Amino acid sequence: MAGTSTKHEERLQRIRAAAADYPTIALVLQGGGALGAYQCGVYEGLAEAGVMPNWLAGISIGAINAAIIAGNPAEERIPQLRRFWEQVSQPGEALAMPATYIRSLLSAMPQTDFTHAWAAALSAGAAMLNGQSGFFESRPISPFLSLSGGEAATSFYDTSSLKLTLERCVDFDRINHKDSCRLTVGAAEVTTGNFRYFDSRKTRMTPEHIMASGALPPAFPAIEIDGVAYWDGGLISNTPLEYVLDLWPREDTLALQVDLWSARGPMPTTMLEVLERQKDIQYSSRTRHGTDMVARTQHLRTALGDLIQRLPDRKVPDELKDALAPWLDDRVFNIVHFIYQAKSHEENFKDYAFGRFAMHEHWESGLRDTRMTLEHPEFLKLPDRRKGYAVHDVHRMAEQPQVKLV
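Residues numbered from 1 in each chain as written. Predicted model: local features only at pLDDT ≥ 70, side-chain atom pairs only at ≥ 80, totals over all residues. Heavy atoms only, no water.

Trainee: Looking at this structure, how should I read the overall build of the protein?
Mentor: Helices and strands together make up the secondary structure of the protein, namely 15 helices and twelve strands. Computed over its C-alpha atoms, the radius of gyration of the protein comes to 22 Å, within 12% of the 22 Å expected for a compact globule of 406 residues. In terms of its C-alpha atoms, the protein occupies a principal-axis envelope of roughly 75 × 60 × 45 Å. Looking at the protein as a whole, 50% of its 406 residues qualify as buried. With the model as given, the accessible surface of the protein reaches about 19500 Å², and the carbon-plus-sulfur share is 57%. (Helix = DSSP H or I, 4+ residues; strand = E, 2+ residues; numbered from the N terminus. Rg over C-alpha atoms; globule rule 2.2 N^0.38 Å. Buried < 20%, exposed > 50% of the residue type's maximum accessible area, 1.4 Å probe, protein only. Areas by Shrake-Rupley, 256 points an atom, 1.4 Å probe, with all protein chains shown as cover.)

Right, dumping it as structure tokens:
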């Protein structure tokens, strides 16, 4: 027993030592509605190992989780995440009592795929019918029956309660302090279709910035910031990984990428499976593109370095120094993936099945995957500077992307 404890402590020391080599440790969080509880489990696993991100970047529900983490001291982050998720996994007020009864009934039943699927279906139906406590509420009148213009005519749900929840769970003064953990969230401009990142290093963050990142139409209304209306950033890109990797000046970066949708999956055999697979592919967007771009960029840097070594005097011409400077540093990127693995009993409504059973299951999955990943402290080691990058996924055991230079 003592030997096991010693090995565990030695592994934790190796993990912390490896993480300490990176000036930037970014936790990158995708959008995915109710699946966002998985990200909380990932963060809990990182925190218990002593890996503390200094940059939180998120889209949609990832933006909410990122704001809660960035907007609280270290010892309050997990309790505040739990408070948020315990609240929003309750249906709206009208269905609160029936939900409590159904949870008690399900708790007394054998925990099988059938009971989990039943619980998820009921919670998804409740979310559509009545909304979720402290998050969104169904409108009393259909938007099709409302006068044109305004939120009531352009969305099915009212998200004003989310602002109150964010104000309770997030200290925005902490986020906006110059020495705070960096926070970045992405949103889409409604009228131009442009993608916009709000970064606490450049913008004074408010609840509206977080709500804008998660304003998914037609369910939720657009959020106006400085006279511009925004929708959910996932409409354009569901992961802010590329923004993190485009940081300038570049630093050695450990990017902990938490994906709620898996790009890989089985061939569908039913229409419901088609709808689920379609969502997985659509919302897993950009992650693979981001890692491929890192690989291509780092290959190009290496090739440029080799070319310069063959020039006379191994010197860059003066007129090209400024243009080539960004391409000639030796900074490295290490991308460690945590990808939610959908359960066999889940359906295409898994992103709005906000029930307690699903929430706890997702959270535990994130914690389990993180502990499994950190069984490999070598995943966190600085990559070889000649190569410039590494990509790890415990489910694919550090498979490297195959990049073809053209």
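The discussion continues.
Trainee: What is the right way to read the side chain of T184 from this model?
Mentor: Checked against the element boundaries, T184 lands in strand β6 (residues 182-189). Those residues within four positions of T184 in sequence are excluded, and the remaining contacts are W55, L56, A57, G58, Y197, F198, D199 and Y243. (Contact = heavy atoms within 4.5 Å.)

Trainee: What should I look at first to understand the nonpolar core in this one?
Mentor: Generally speaking, soluble globular proteins have nonpolar side chains that are buried together. By size, the foremost hydrophobic cluster in this structure holds 71 residues, and its most contacted members are W85, L183 and I210. Top element by residues in this core is helix α3 (residues 61-70). It accounts for eight residues. Setting aside residues up to four positions removed in sequence, L183 forms contacts with W55, L56, A66, A67, A70, I175, F198, D199, S200, M205 and I210. (Core = buried A, V, L, I, M, F, W, Y, C linked by side-chain atoms within 4.5 Å.)

Trainee: Please explain the sheet that holds strand β3 (residues 131-132) as it appears in this structure.
Mentor: Strands belonging to one sheet form pairs held by backbone hydrogen bonds; the direction of such a pair is parallel or antiparallel. The antiparallel open sheet is built from three strands, whose spatial order is β3-β4-β5. Each of the sheet's edge strands pairs with one partner strand only, and the pair in question is β3 and β5 (157-158). Bridge count for strand β4 (residues 136-138) against β5 is two bridges, and the pairing is antiparallel. By the bridge assignment, E137 is partnered in β5 with D158. (Pairing = 2+ DSSP bridges.)

Trainee: Would you mind going over the UniProt feature "active site" (unreviewed entry) in the protein with me for this structure?
Mentor: In this numbering, the UniProt entry assigns the feature "active site" (unreviewed entry) to S60 and D232. Taken together, the annotated residues stretch across 173 residues yet fold into one region, lying no more than 6.1 Å apart by C-alpha. Within the element layout of this structure, S60 appears in the loop between β2 (55-59) and α3. According to the relative accessible area criterion, S60 is buried, its value standing at 12%. (UniProt positions renumbered as here; feature names shortened; annotations may be inferred.)

Trainee: What am I meant to see in the pairing of β2 here?
Mentor: A regular strand places its side chains so that they alternate between the two faces of the sheet. Where burial is concerned, most of β2 is hidden: five out of the five residues are buried. In the sheet, strand β1 (residues 24-29) pairs with β2 via four bridges, with the strands oriented parallel. Looking at the pairing, A26 lines up with W55 of β2. Handedness of the crossover joining β1 and β2 through helix α2 (residues 37-49) is recorded here as right-handed. Two elements, β2 and β6, share five bridges in a ladder whose sense is parallel. Its bridge partner being in β6, G58 is matched across the sheet by V185. (Right-handed = clockwise from strand over helix to strand, strands pointing away.)

Trainee: Looking at this structure, how should I read the packing of aromatic side chains?
Mentor: Two aromatic rings are characterised by how far apart their centres lie and by the angle between their planes. Taken as a whole and assessed by the stated rule, the structure comprises 17 aromatic pairs. In this structure an aromatic cluster arises from ring pairing among F84, W85, F135, F136, Y157, F220 and F354. In this structure, R82 packs its charged tip against the face of W363, placed 4.1 Å from the ring centre. Between K387 and the ring centre of Y389, over which it is positioned, the NZ or CZ distance is 5.0 Å. (Phe/Tyr/Trp six-rings, centres within 6.5 Å; stacked < 30°, edge-to-face > 60°. Lys NZ or Arg CZ within 6 Å of the ring centre and 35° of its normal.)

Trainee: What should I look at first to understand the environment of A295 in this one?
Mentor: When you line up the elements, A295 lands in helix α13 (residues 287-309). With 62 residues separating them in the primary sequence, A295 and F357 have C-alpha atoms 39 Å apart.

Trainee: Can you help me understand the environment of W85 in this one?
Mentor: Take W85: it is sitting in helix α4 (residues 74-88). Given a relative accessible area of 1%, W85 falls into the buried group. With 271 residues separating them along the chain, W85 and R356 place their C-alpha atoms 8.6 Å apart. For W85, the residues in contact, after removing those within four places along its chain, are G33, A34, G36, A37, C40, I61, N65, F354, M359 and W363.

Trainee: Any chance you could explain α4 here in plain terms?
Mentor: Quick reminder: α-helices carry 3.6 residues per turn. Residues three or four places apart thus point the same way. In this model, α4 (15 residues) spans 22 Å end to end at C-alpha, consistent with the 21 Å of a helix rising 1.5 Å per residue. Considered for burial, the residues of α4 that qualify are R77, Q80, L81, F84, W85 and V88. Along the axis of α4, the buried positions cluster into a sector of 130 degrees, meaning they face one direction only. Looking at the buried residues of α4, the elements they touch are α2, α3, β3, α8 (160-169) and α15 (356-373). (Expected span 1.5 Å × (residues − 1). Arc of directions from axis to C-beta.)

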